[in-house]
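# Analysis of the macromolecular model
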Amino acid sequence: MDNCRVLTVGVIDENQILLLAVTDSGQRISPEILPRILERFFTTKKANERCRLGLDIVKKIVEKHSVNIEVASVIGQRTFNVSISIAV
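Every residue gets a number counted from 1 within its own chain, in the order that chain's sequence is written. Since the coordinates come from a predicted model, pLDDT governs what is reported: local features require at least 70, and pairs of side-chain atoms require 80 or more to be given and counted, while whole-chain, interface and lining totals use all residues. As a rule here, side-chain values cover all heavy atoms of the structure and leave hydrogens and water aside.

### A short note on the overall build of the protein chain
Spelled out, the test is: Helix and strand assignments follow DSSP, with helices taken as H or I runs no shorter than four residues and strands as E runs no shorter than two, numbered in order from the N terminus. Type-normalised accessible area, obtained with a 1.4 Å probe on protein chains alone, sets the label of each residue: buried when under 20%, exposed when over 50%, and partly exposed for intermediate values. Two residues qualify as a contact provided that any one of their heavy atoms is within 4.5 Å of a heavy atom in the partner residue. To measure how exposed things are, a 1.4 Å probe is used in the Shrake-Rupley method; for residues, cover is taken only from the protein chains shown.
Counting its secondary structure elements, the protein chain contains one helix and four strands. In the protein chain, which comprises 88 residues, the proportion classed as buried is 19%. The long-range fraction of contacts in the protein chain, counting pairs at least 24 apart against all pairs at least 6 apart in sequence, stands at 47%. When the accessible area of the protein chain is evaluated, it comes to approximately 6900 Å², of which 54% is carbon and sulfur surface.

### Notes on unusual backbone geometry
Phi is positive for Gln16, close to 70°, though the residue is something other than glycine. Of note, Gln16 is situated in the loop between β1 (7-14) and β2 (17-24). Positive phi outside glycine occurs at Ser66, with the angle close to 55°. Along the polypeptide, Ser66 turns up in the loop between α1 (55-64) and β3 (67-74). Residue Ser66 is classed as exposed on the basis of its relative accessible area of 63%.

### Topic: the pattern of salt bridges
Side-chain pairs of opposite charge can arise whenever the charged atoms involved come near each other. Condition: What counts as a salt bridge is simple: a side-chain nitrogen of Lys or Arg found within 4 Å of a carboxyl oxygen of Asp or Glu.
The full count for this structure, using the stated rule, is three salt bridges. One salt bridge in this structure joins Arg78 and Asp24, with 3.0 Å as the shortest N-O distance. Here Arg78, found in strand β4 (residues 77-85), pairs with Asp24, found in strand β2; they are 54 residues apart in sequence, far enough to count as distant. By relative accessible area, which is 10% here, Asp24 ends up buried. Lys59 is paired through a salt bridge with Glu63; the nearest N and O atoms lie 4.0 Å apart. Taken as a pair, Lys59 and Glu63 lie in helix α1 at a separation of four residues, close to a single helical turn.

Here is the structure:
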């Protein structure tokens, strides 16, 4: 986020499903790559740029715990939506 963006976290309990939305005010993810950003080995980084924890790893971790993750992006914000069943 380059220490200059806004990060917003929201949580809603909806019928035993915990909905977590993490939104930042970064660049819009282009529609061409949005469907691919959770794919294994997909990156928009150049070979000499620093890499972080890949979104495919994040997806695998949350899915291993029966959690769903989706991404939405519009101009001025990117949102990662995570839904977690909290049924007992």
